[in-house]
Amino acid sequence: MKELLKVNLRAHFIYFRRSRLLLAFALVFLLLTLLSALPIVFSPSRAAAFTGAKQIFSTLNMFLIAFSAGLGLFLISSHLRDRNLKMVFTKPCPPTLWLASTYVSAIGVSLLLNVTILACALVMSLLGHTKVQAGLAFVSFDTFAASVGMIAYLMFLAMVMHPVIAVVFVLIFNPSTFYNLQLWVQAVQSAGRKSTILQVFERLFHYCYMVLPMVHPFSRQTQAIHDSLRVAPAEWPYALYSLGYALSLTALSYCLSLFFLQRKKLI
Amino acid sequence: MIVAENLSVHFRRGLLGPPIKALDGLSLHVAEGDFFALVGQNGAGKSTAMYCFLGLLRPKAGRLRVMGKVPELGSKLYGSVAFLPEEPHYDLYLTVEEAVRYYAGLYGKSLPAKTIPDVLERLGLAEFKTLPLAKCSKGMKQKVGIAQCLIHPATLVFLDEPTRGLDPIIVRFFREVLREIHQRGATIVMNSHVLSEIEMLANRVAIIEKGRTIAHDTLENLMHLEQETYDVAFETNGDAPEWVSVQARQGCVVRGAIPAARLRDFMEFACQPGYRLLECSLKKATLEESFIKILREKAP
């Protein structure tokens, strides 16, 4: 089992290393970050340097979540598109193990990038002679948890639909869309228009908001930490809650992905 | 080794499209040590049958046992199975050597260090071992497929159109490899349109048409379905007997064929004065002729 996992992980890491699509994705992200970092080089004050560094850290973390989602999406969709899974499952390598290896490899790469970004942030803090904030570690951990959740969710979507449709689905059908729709319906209702259809829609949007995976499930409680990079001892449990949410989402996505993988025509 | 009874597989084109019967009550039996060939026209259901045997497709109805077990994806059953697909659907981001190592590694057993380099050398892939599969020709990808089949000594080997896209030298080498694997005691199940190749290798053949087995016998029995005839040529100034099917007549030389049962009559006829026997040879029946005859007679 261990040997099989190792063999699959090695193959997935080679895929990540050689995927031109992922490389292009990463280069675009880096280019955008570098462009946004240019003003910091010319920043006159330490405060401006801190704000700039915080901005870069935040941008990189945001990109990391999108990139991690891409890791999961591309890995699954490329294997399904190339129809090479029949070579794997006609060997004594069960789908449970292969799927687990895809999750582990994508999460591993995401963790590596996460650590790299954190290291860059620390270096920037030291170079800018600004105080190293504990919030950096918190935000990094929170971003990692969000990345894990997004990897799992996109892997599941890639298993059941075309990758382009999966991306469009995530962009359109996300919790904030339904939250805004729910607010809109509530506003219409409070303006005096009451009908059964509006009530049904209000409930429907609410349930969609509750069911769809969130990138940052505790954003209200942690937004201040992301903004100031300062974290109080009482706020640390939120990082663990985020990880718990991400792991639950991963477990659910894994089970659903496995269900669909075993029913897919792999010929 | 493989028992398939009344297997049915239906595909649907689109969500609302009518179901297409890929297999419609297919039954066959592959015994241990057989070199079994599945023969049929395009779309007859040969590959679908093989995918069912490999567990890649679940039959809608019927009973299927491979080595006494229901084939399940990635089960331990595959520890002694090798499969060469028709299309080179491999992990194209890997190099030749990485791919062979990866597929060999999926058996979960450690190999002696020299096994993979030896197999690559034997198939002429050693000098291309660092070439990504995406840049390999179809023939080279097929060789990679053959290599991953040879790495572990399998007891059941599935080959789906194995020689498609290969050059004659490697086809010949591949045939020798298959004979070697078969002589070692492995059971081989092969799909192929190259009937001459099946004649050279297989000992049992199933002819499939529209998802059903219309003939299932030893190669010898199937080839004797085509009535034996003799090709004859003789000189005469008169007419040929009615049981000689004349194919050509050049002056007084007649060329044709006679049924084997008429050989004695023909010899007596040819020994008459005014007649001269030029040629009389047994025409060997081919699988191709038997295949066409069976299709004409038994196709549903």
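These numbers were taken from a predicted model, which means no experiment stands behind them.

Across its full length, chain B holds 9 helices and 13 strands. Here the C-alpha atoms of chain B give a radius of gyration of 24 Å, more than 25% beyond the 19 Å that 2.2 N^0.38 yields for 300 residues. Its C-alpha atoms give chain B principal-axis dimensions of about 80 × 50 × 35 Å. A separation threshold of at least 6 residues defines the contact pool for chain B, and within that pool the share at least 24 residues apart is 69%.

A few words on the overall build of chain A. The number of helices and strands found in chain A is 11 helices and 0 strands. Walking chain A from its N terminus toward its C terminus, one meets helices and strands in the order α-α-α-α-α-α-α-α-α-α-α. Dimensions of chain A along its principal axes, counting C-alpha atoms only, are 60 × 55 × 35 Å. Residues counted as buried form 36% of the 267 residues belonging to chain A. Taking contacts inside chain A between residues at least 6 apart in sequence as the whole, the part at least 24 apart equals 81%.

Further remarks concern the pairing of strand E12 (residues 253–259) of chain B. All names here are of chain B. Examined bridge by bridge, strand E10 (residues 229–235) and E12 share 7 bridges and lie antiparallel to one another. Opposite tyrosine 230, over in E12, you have isoleucine 258 as the bridge partner. Pairing between strand E11 (residues 245–250) and E12: 5 bridges, direction antiparallel. From the neighbouring strand, valine 246 faces E12, where its bridge partner is glycine 256. Turn length for the E11-E12 hairpin, with the two strands adjacent in sequence and antiparallel, is 2 residues, and the turn residue glycine 251 shows positive phi of about 65 degrees.

Each assigned domain of chain A is listed here: domain 1 (2–171 + 215–263) and domain 2 (175–211). Relative placement of domain 1 of chain A and domain 2 of chain A: their C-alpha centres are 32 Å apart.

Formed by 141 residues in total, the largest nonpolar core has its most connected members in A:Ile151, A:Leu154, B:Val100, B:Ala147, B:Val157, B:Ile188 and B:Val189. Per element, the largest residue contribution to this core is 17 residues, and it comes from helix H6 (residues 134–160) of chain A. Here B:Ile188 is in contact with B:Phe35, B:Phe36, B:Val157, B:Leu159, B:Leu178, B:Ile181 and B:His182, once residues within four sequence places are set aside. Membership of the second largest hydrophobic core comes to 6 residues, among which are B:Val244, B:Val254, B:Ile258 and B:Phe266.

All names here are of chain B. Strand order in this open sheet of 6 strands is E5-E6-E7-E3-E8-E9, and the pairing throughout is mixed. Across the chains shown, the open sheet's two edge strands, defined by having one partner strand only, are strand E5 (81–84) and strand E9 (212–218). In this sheet, neighbouring strand axes are inclined to one another by 15 degrees on average, regardless of whether the strands run parallel or antiparallel. Two strands pair when backbone bridges link them, and strand E6 (residues 156–160) and strand E7 (residues 187–191) are joined in this way by 5 bridges, in the parallel orientation.

All names here are of chain B. Note that strand E1 (residues 2–12) and strand E2 (residues 19–30) share 9 bridges and pair antiparallel. Across the sheet, the residue bridging to arginine 12 is proline 19, located in E2. The antiparallel pairing of E1 with E2 creates a hairpin that spans 6 residues between the two strands, and glycine 14 there sits at a positive phi of about 80 degrees.

Quick look at the sheet that holds E11(B) now. All names here are of chain B. Taken in spatial order, the 4 strands line up as E11-E12-E10-E13 in an open sheet, and their pairing is antiparallel. This sheet does not close on itself; its edge strands, each paired only once, are E11 and strand E13 (276–283). Between one strand axis and the next, the sheet turns by 15 degrees as a mean value, whatever way the strands run. Packing against the sheet, helix H8 (residues 263–270) makes contact with E10, E12 and E13, and its axis sits at approximately 5 degrees to E10.

As a further point, take the interface of chain B and chain A. When the parts of a complex come together, some accessible area is lost, and that lost area is often taken as the interface size. Taken together, the contacts link 26 residues of chain B with 24 residues of chain A. Listing elements by their share of the side of chain B that touches chain A, those giving two or more residues are E5 and helix H2 (96–105) of chain B. Considering only residue class, the side of chain B that touches chain A consists of 17 nonpolar, 6 polar and 3 charged.

We now examine the confidence of the model for chain A. For chain A, the average pLDDT comes to 90, and 99% of its residues sit at 70 or higher. Across chain A, the secondary-structure element scoring lowest on mean pLDDT is helix H2 (residues 20–41) of chain A, at 84, and the one scoring highest is helix H11 (residues 237–263) of chain A, at 95.

With that out of the way, let us pick up the environment of A:Thr250. Residues and elements named next belong to chain A. Here threonine 250 shows up in helix H11. Its 19 C-beta neighbours within 10 Å are what place threonine 250 among the partly exposed residues. The sequence separation of threonine 250 and asparagine 180 amounts to 70 residues, and the corresponding C-alpha distance is 26 Å. In contact with threonine 250, not counting residues within four places along its chain, are Tyr103, Val148, Gly149 and Ala152.

Take the environment of B:Tyr275 next. With respect to the helices and strands, the residue B:Tyr275 is situated in the loop between H8 and E13. Here B:Tyr275 is in contact with B:Phe234, B:Glu235, B:Thr236, B:Phe269 and B:Ala270, once residues within four sequence places are set aside.

Time to look at the packing of H6(A) against helix H10 (residues 219–228) of chain A. All names here are of chain A. In the contact formed by H6 and H10, the axes pass within 9 Å of each other and the chain directions differ by 125 degrees. If you check the angle between H6 and H10, you find them oblique. Here H6 runs over H10; the crossing is left-handed. From H6, Gly135, Phe138, Val139 and Asp142 reach across to H10, where they touch Thr222, Ile225, His226 and Ser228.

Okay, unusual backbone geometry next. All names here are of chain B. Located in the positive-phi region is asparagine 6, a residue other than glycine, with phi close to 50 degrees. Among the secondary structure elements, asparagine 6 is positioned in strand E1. Although it is not a glycine, lysine 210 adopts a positive phi angle of roughly 50 degrees. Relative to the elements of secondary structure, lysine 210 occurs in the loop between strand E8 (204–209) and E9. Of the residues examined, lysine 210 has 17 C-beta atoms within 10 Å and is grouped as partly exposed.

Take the environment of A:Ser68 next. Residues and elements named next belong to chain A. For serine 68, the location among the structural elements is in helix H3 (residues 46–82). Sequence-wise, serine 68 and proline 163 are 95 residues apart; in three dimensions their C-alpha atoms are separated by 14 Å. Setting aside anything within four residues of it in sequence, one finds serine 68 in contact with Ala106, Ser110, Ser147, Met150 and Ile151.

What counts and how
- Residues numbered from 1 in each chain as written.
- Chains lettered and ligands numbered in written order.
- Predicted model: local features only at pLDDT ≥ 70, side-chain atom pairs only at ≥ 80, totals over all residues.
- Helix = DSSP H or I, 4+ residues; strand = E, 2+ residues; numbered from the N terminus.
- Rg over C-alpha atoms; globule rule 2.2 N^0.38 Å.
- Contact = placed C-beta atoms within 7 Å.
- Buried ≥ 20, exposed ≤ 12 C-beta atoms within 10 Å, placed from the backbone.
- Pairing = 2+ DSSP bridges.
- Domains from an automatic or database assignment.
- Core = buried A, V, L, I, M, F, W, Y, C linked by C-beta atoms within 7 Å.
- Axes fitted to C-alpha atoms, helices over the stretch in contact; angles between N-to-C directions.
- Nonpolar A, V, L, I, M, F, W, Y, C, P; charged D, E, K, R; others polar.
- pLDDT = per-residue confidence, 0-100.
- Parallel < 35°, antiparallel > 145°, perpendicular 65-115°, else oblique.
- Left-handed = near helix turned anticlockwise from the far one by under 90°.

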